[in-house]
Amino acid sequence: MGLGWSSAEERRPLLPPPPPQARPQPRVPAGVPAGRPPPLSGRVYGRRWLVLLLFSLLGFAQGLVWNTWGPIQNSARLAFGFSGWDIALLVFWGPIGFAPCFFFMWLMDKKGLRVTVLLTSSLMVLGSGLRCVPVSDLEIRKKLIHGGQLLNGLAGPTVMNAAPFLSTTWFSPDERATATAIASLLNYLGAAAAFLVGPLLVPPPNGTAGPPAARSAPRIQDRIEAVLYAEFGMVCLIFSAALAYFPSRPPFPPSVAAASQRLSYRRSFCRLLSNFRFLMIALAYAIPLGVFSGWSGVLDLILTPIHISQVDAGWIGFWSIVGGCVVGIAMARFADFIRGMLKFILLLLLSGATLASTWFTLTCLTTVTHLPLTTATLYTSCILLGIFLNSSVPIFFELFVETVYPVPEGISCGVVTFLSNVFMGVLLFFLTFYHTEFSWFNWCLPGSCLLSLLLILCFRESYDRLYLDVVVSV
């Protein structure tokens, strides 16, 4: 695929050899074993930003479709007869979609990024289209919506795992963390957009704005269907763009690490499961991010008992994720400039997340702590929590890859996101089938953040991929 999209000029050798009579003897850099051939410098292409844009938009759409129902759960109950169990299950399809995660890891490792992205986007087209089927029977319509959410959940493993693989394949070492941040955090930004789009376009049934006719069940159902059709159209457009142009790799690799041989699929899992340091940071990532994702998905249900409206809950969720995306990209850019500081950055972010989650939890306990429960305090604590946790995602991803290199990026990040969704799924399962009171969910946030902070403190960092790029490319 790469050669088909490259020009003749781009297919020239990376370093054209000098004439035979003037060819110097190769200089072996310090630290490189004798007999190694002279290194080649990588090449980056301007099209890498287009590839990054298409993948990021795919992640954005997947997050938007996944979080469609949580921010408008009160309206959906009136329009489609959803119960609280239905709303939680619609969010639950996200972690359930990670069940075939290992298949997508294998597909990415064996067939490349293009095949994986096209399969993922086609699942999203089917899923978002299934939700739009006009059926008058509400029971059948609910089943179609649940099926569509499941198909969209099956796209999660690719959009959440492939960001480090894409950044290594297309970007130079001083741009990798930034590309990873953009590709991974746009999925969260899509979930944040659902907090904004849903409450603004779909009127709440118990709202006071507008005439009662505008808040009737048929009117609300029409608004929800308009949102579903708009999301379906966006997914189809992204799929068409990826089908027209999304190469698996550039004609020439951008770095030594991108061109190096990786471990096989089976050996990669053996390496990961036997690497105690990887298991430490995998748990440090999976526990707080899994809890936070589940908490965000039912944020409206959590805030309803303390008399926070659907619109306010939507704005809180929106700004918490948007802030995390902005700060996360800034932190990743900082990590590209100051290499070898990933652990220090994570310690700062997790410390802030622990403090912010503790503040939010104590604020909700007004009868015990007597802290002021206002919209300002809820906004501030939730936004800070989202900023600290969401911005840690690309830093974690880069640290995973550095720790277990030469394990392929898609496999290492796939394992940790699978674990994260397991924690999220267990919490949502308990929430859906065995519990109706949500205040206990708030206590999971500071506990998981503190545990992650302690694991990172005990972690001994290493930068195997960065060492290869810096030493072998000199």
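In this text the structure is predicted, and so the values were computed from the model without any measurement.

Definitions and cut-offs
- Residues numbered from 1 in each chain as written.
- Predicted model: local features only at pLDDT ≥ 70, side-chain atom pairs only at ≥ 80, totals over all residues.
- Heavy atoms only, no water.
- Helix = DSSP H or I, 4+ residues; strand = E, 2+ residues; numbered from the N terminus.
- Buried < 20%, exposed > 50% of the residue type's maximum accessible area, 1.4 Å probe, protein only.
- Contact = heavy atoms within 4.5 Å.
- Areas by Shrake-Rupley, 256 points an atom, 1.4 Å probe, with all protein chains shown as cover.
- Patch = residues over 30% accessible without salt bridge, like charges linked within 9 Å, V, L, I, M, F, W, Y side chains within 5 Å.
- Salt bridge = Lys/Arg side-chain N within 4 Å of Asp/Glu carboxyl O.
- Axes fitted to C-alpha atoms, helices over the stretch in contact; angles between N-to-C directions.
- Parallel < 35°, antiparallel > 145°, perpendicular 65-115°, else oblique.
- Nonpolar A, V, L, I, M, F, W, Y, C, P; charged D, E, K, R; others polar.
- Core = buried A, V, L, I, M, F, W, Y, C linked by side-chain atoms within 4.5 Å.
- Phe/Tyr/Trp six-rings, centres within 6.5 Å; stacked < 30°, edge-to-face > 60°.
- Lys NZ or Arg CZ within 6 Å of the ring centre and 35° of its normal.
- Polar contact = N/O pair within 3.5 Å; in protein donor to acceptor, adjacent residues only side chain to side chain.
- Disulfide = S-S within 2.5 Å.

## Let's talk about the overall build of the chain
Broken down by element type, the chain carries 22 helices and zero strands. A buried classification covers 58% of the 474 residues belonging to the chain. Of all intrachain contacts in the chain linking residues separated by at least 6 positions in sequence, the fraction that spans at least 24 positions is 85%. Split by element, the accessible area of the chain, about 19000 Å² in all, is 70% carbon and sulfur.

## Some remarks on a nonpolar patch on the surface
Residues F334, F337, I338, M341, F344 and L348 make up a contiguous nonpolar surface patch of roughly 590 Å² in combined accessible area. Among the secondary structure elements, those contributing two or more residues to the nonpolar patch are α15 (310-337) and α16 (342-364). For F344, the location among the structural elements is in helix α16.

## Thoughts on the packing of helix α4 (residues 101-111) against helix α5 (residues 113-130)
The geometry of α4 relative to α5 is characterised by a closest axis approach of 7 Å and an angle of 140° between their N-to-C directions. In terms of orientation, α4 and α5 fall into the oblique class. When α4 is examined against α5, the residues F103, F104, L107, M108 and K111 are found in contact with a partner set consisting of L113, V115, T116, L119, T120 and L123. For the contact of α4 with α5, the per-class residue count stands at eight nonpolar, two polar and one charged.

## Describing the nonpolar core
Counting residues in hydrophobic clusters, the biggest one holds 104 residues, and the most contacted among them are L166, Y188, F246 and Y285. Ignoring anything within four residues of it in the chain, the contact list for Y188 reads M160, Y285, L289, I321, C325, N390 and V393.

## Some remarks on the packing of aromatic side chains
Under the definition given, this model contains 15 aromatic pairs. With a centroid separation of 5.0 Å and 55° between ring planes, the pair formed by F102 and F418 is classed as tilted. Taken as a pair, F102 in helix α4 and F418 in helix α20 (residues 409-433) lie far apart in primary sequence, 316 residues in all. For F418, a relative accessible area of 22% translates into the label partly exposed. Arranged with centres 6.1 Å apart and planes meeting at 70°, the rings of F278 and F400 form a pair that is edge-to-face. Of the two residues, F278 is situated in helix α13 (residues 276-297) and F400 in helix α19 (residues 392-404); the sequence distance between them amounts to 122 residues. Here F278 and F400 have matching classes, each one buried. Each member of the aromatic cluster is reached from another via a ring pair, and the members are F278, Y285, F396, F397 and F400. The ring of Y45 has R47 sitting right over it, with the charged end atom 5.3 Å from the ring centre.

## Some words on unusual backbone geometry
Most peptide bonds take the trans form, and the phi angle of most residues other than glycine is negative. The omega torsion of the bond from Y405 to P406 falls at 15°, within 30 degrees of zero and hence cis. Position of P406 among the secondary structure elements: in the loop between α19 and α20.

## Let's talk about the environment of S351
By secondary structure assignment, the location of S351 is in helix α16. Judged by relative accessible area, which is 30%, S351 ranks as partly exposed. Remark: the alpha-carbon pair of S351 and L450, spanning 99 residues in sequence, is separated by 7.7 Å.

## Comments concerning the side chain of S420
Its place among the elements puts S420 in helix α20. At a separation of 3.3 Å, a polar atom in the side chain of S420 contacts the main-chain amide nitrogen of G290. For S420, the residues in contact, after removing those within four places along its chain, are Y285, A286, L289 and G290.

## A look at the state of the cysteines
Two cysteines joined by a covalent bond between their sulfur atoms form a disulfide. Overall, the coordinates contain zero disulfides when judged by the stated rule. Here C132 stays unpaired: no disulfide links it, and the sulfur of C236, its closest cysteine neighbor, is 8.8 Å away. Taking the relative accessible area as the measure of exposure, C132 reaches 7% and is therefore buried.

## Some details on the pattern of salt bridges
All told, the structure shown has six salt bridges when counted by the stated rule. Between D86 and K142 there is a salt bridge, with its nearest N and O atoms 3.8 Å apart. Here K142 lies in helix α6 (residues 138-154) and D86 lies in helix α3 (residues 84-96), a separation of 56 residues in the sequence. Each member of the pair D86 and K142 is classed as buried. Close ionic contact of R333 with D336 constitutes a salt bridge, the shortest N to O distance being 3.4 Å. With R333 and D336 both in helix α15, this residue pair falls three residues apart, about one helical turn. Residues joined by salt bridges that share partners form a network here, namely D86, E139 and K142.

Take it as geometry only, folks, not as evidence of what the structure does.
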